[in-house]
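# Working through the structure, step by step
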Amino acid sequence: MVADLSLEEDTAIVAERLASDPHLILLVNNAGFGTKGRFWESAIEIQEQMHQLHVMATVRLTHAALGNLTKRNSGGVINVASVAAFVRSQGSVSYCATKTWMTAFTEGLYLELKGAGSKVRVQALCPGFTYSEFHDTMGADRSTLAGAAMWHSAEFVVDASIAGLRRNKLFVIPGWRYRLITSLVSKLPSAVRLRLETAGGRMRAKQILEAQEAARQLASG
Ligand SMILES: NC(=O)c1ccc[n+]([C@@H]2O[C@H](COP(=O)([O-])OP(=O)(O)OC[C@H]3O[C@@H](n4cnc5c(N)ncnc54)[C@H](OP(=O)(O)O)[C@@H]3O)[C@@H](O)[C@H]2O)c1
């Protein structure tokens, strides 16, 4: 089905199908995008679109799918969040916030399903940097973001997700480096985390300025 999930009317059509399809096994709330730039300096339409897509479409589609799946007591929902759910980041305020919401939402559903004795599974998939069209759409240069060891293929992420679903794992964080980082970050006192994130933001801003200057020099010969 072709649908723009940032639009309520399109989302409602997909939800209707999810609610009524007797063969539904798995819903993957995967559609998403990132933005660049400070929250108040970027267009409000893009910020709202992100919340519609990551939050409202996830609510609507998950509600429709779970109504169907719980009746048959099988199947599952995978919500594609991000390791960004564990941090806050300058230039990605809404992205981190909506992905954090996705993990909290999934955790709540996990508890309700367990509490109801349901066999339906839910997963918050939290990938790190993954090769896809994501950063092209965003207009971000991959080489300025992280070294090669921090990048995974989409296949690696999907394999980890499916293996996690088989074991009914709530949080799936593909790659040991990301599991280590997220576990360390979540143990930090918030004052320390905020200091690190402030310094990280300054470093990223400097790298972007340097890359822009290098591109300008190249262009001017
Ligand atoms: N790549 C990463 O490093 C990374 C890391 C962590 C988490 N994630 C998450 O992984 C998920 C998948 O992203 P990806 O890496 O595969 O990026 P991608 O290659 O850019 O794919 C994003 C997908 O979302 C769809 N989409 C975007 N806006 C939509 C809308 N309004 N309605 C319907 N579909 C829409 C796109 O459809 P069209 O192609 O038709 O536009 C595309 O199929 C996202 O939720 C992203 O936040 C990605």
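Here is a short report on the structure shown in this document. The model shown is predicted, which means the values in this text are computed figures rather than measured ones.

Conventions used here
Residues numbered from 1 in each chain as written. Predicted model: local features only at pLDDT ≥ 70, side-chain atom pairs only at ≥ 80, totals over all residues. Heavy atoms only, no water. Core = buried A, V, L, I, M, F, W, Y, C linked by side-chain atoms within 4.5 Å. Buried < 20%, exposed > 50% of the residue type's maximum accessible area, 1.4 Å probe, protein only. Helix = DSSP H or I, 4+ residues; strand = E, 2+ residues; numbered from the N terminus. Contact = heavy atoms within 4.5 Å. Near = heavy atom within 4 Å. Polar contact = N/O pair within 3.5 Å; in protein donor to acceptor, adjacent residues only side chain to side chain. Areas by Shrake-Rupley, 256 points an atom, 1.4 Å probe, with all protein chains shown as cover. Nonpolar A, V, L, I, M, F, W, Y, C, P; charged D, E, K, R; others polar. 1 Å grid on protein atoms, 1.4 Å probe; cavity = no way out; pocket = protein on both sides within 12 Å on 5 of 7 lines; lining within 4 Å. Points joined across faces, edges and corners; volume = space filled by probe spheres on them. Expected span 1.5 Å × (residues − 1). Arc of directions from axis to C-beta. Phe/Tyr/Trp six-rings, centres within 6.5 Å; stacked < 30°, edge-to-face > 60°. Patch = residues over 30% accessible without salt bridge, like charges linked within 9 Å, V, L, I, M, F, W, Y side chains within 5 Å. Salt bridge = Lys/Arg side-chain N within 4 Å of Asp/Glu carboxyl O.

Here the focus is the nonpolar core. Formed by 26 residues in total, the largest nonpolar core has its most connected members in Leu18, Leu61 and Val77. The biggest single contributor to this core is helix H2 (residues 44–72), with eight residues. Sequence-distant contacts of Leu61, defined by excluding residues within four places in its chain, comprise Leu5, Thr11, Val14, Ala15, Leu18, Leu27 and Asn29. Grouped together as the second largest cluster of nonpolar side chains are seven residues, Ala81, Met102, Cys126 and Tyr178 included.

The environment of the ligand is made up of 21 residues, and the closest members are Asp4, Leu5, Asn30, Tyr95 and Ser132. Note that an oxygen atom of the ligand is positioned 3.4 Å from one of the backbone N or O atoms of Gly32. Here an oxygen atom of the ligand and a side-chain polar atom of Ser132 are 2.6 Å apart. Burial of the ligand by the surrounding chains reaches 69%, relative to a free accessible area of 890 Å². Among the secondary structure elements, those contributing two or more residues to the shell around the ligand are helix H3 (93–115) and helix H4 (134–138). Of the residues belonging to the shell around the ligand, the class tally is 10 nonpolar, eight polar and three charged.

This part covers the layout of surface pockets. Considered as a void within the structure, the second largest pocket measures approximately 170 Å³ in volume. Around the second largest pocket sit 14 residues that line it, and Leu5, Leu27, Val28, Asn29 and Leu61 are the ones nearest its centre. Taken together, the elements giving at least two residues each to the lining of the second largest pocket come down to helix H1 (8–20), strand E1 (26–29) and H2. Considering only residue class, the lining of the second largest pocket consists of 11 nonpolar, three polar and no charged.

Let's shift gears to helix H5 (residues 154–166). For H5, spanning 13 residues, the distance from its first C-alpha to its last is 19 Å, which sits close to the expected 18 Å at 1.5 Å a residue. Among the residues of H5, Val157, Ser161, Gly164 and Leu165 are the ones counted as buried. For H5, the angular spread of the buried residues around the axis is 100 degrees, confining them to a single face. Across from the buried face of H5, at angles greater than 90 degrees, the exposed residues are Glu155, Asp159 and Arg166. Structurally, H5 contributes buried residues whose contacts are with E1, strand E2 (76–80), strand E3 (121–125) and strand E4 (171–172). One or two positions beyond H5, positive phi appears at Asn168, with a value near 55 degrees.

Looking now at the packing of aromatic side chains. Per the stated rule, a full pass over the model turns up five aromatic pairs. Ring geometry for Tyr131 versus Trp151: centroids 5.1 Å apart, planes at 25 degrees, classification stacked. Within this pair, whereas Tyr131 is found in the loop between E3 and H4, its partner Trp151 is found in the loop between H4 and H5, the two being separated by 20 residues in sequence. Under the relative-accessibility criterion, Trp151 is labelled buried at 8%.

A separate point is unusual backbone geometry. One non-glycine residue with positive phi stands out, namely Asn73, at about 55 degrees. Residue classification places Asn73 among the partly exposed residues on the basis of a relative accessible area of 31%. Even without being glycine, Asn168 reaches a positive phi, approximately 55 degrees. Examined against the element boundaries, Asn168 turns out to sit in the loop between H5 and E4.

Judged by side-chain polarity, Ile25, Leu26, Val28, Val158 and Ile162 come together as a nonpolar surface patch covering roughly 400 Å² of accessible area. The set of elements that each furnish at least two residues to the nonpolar patch consists of E1 and H5. Considering the arrangement of structural elements, one finds Ile25 in the loop between H1 and E1. By relative accessible area, which is 59% here, Ile25 ends up exposed.

For the structure shown, the criterion picks out four salt bridges. Across the pair Arg142 and Asp136 runs a salt bridge, and its minimum N-O distance is 3.1 Å. Relative accessible area serves as the criterion here: at 46%, Asp136 is assigned to the partly exposed category. Across the pair Arg193 and Glu197 runs a salt bridge, and its minimum N-O distance is 3.1 Å. Of the two residues, Arg193 and Glu197 are both situated in helix H7 (residues 190–219); the distance of four residues between them amounts to about one turn of the helix.

Geometry only, nothing functional implied.
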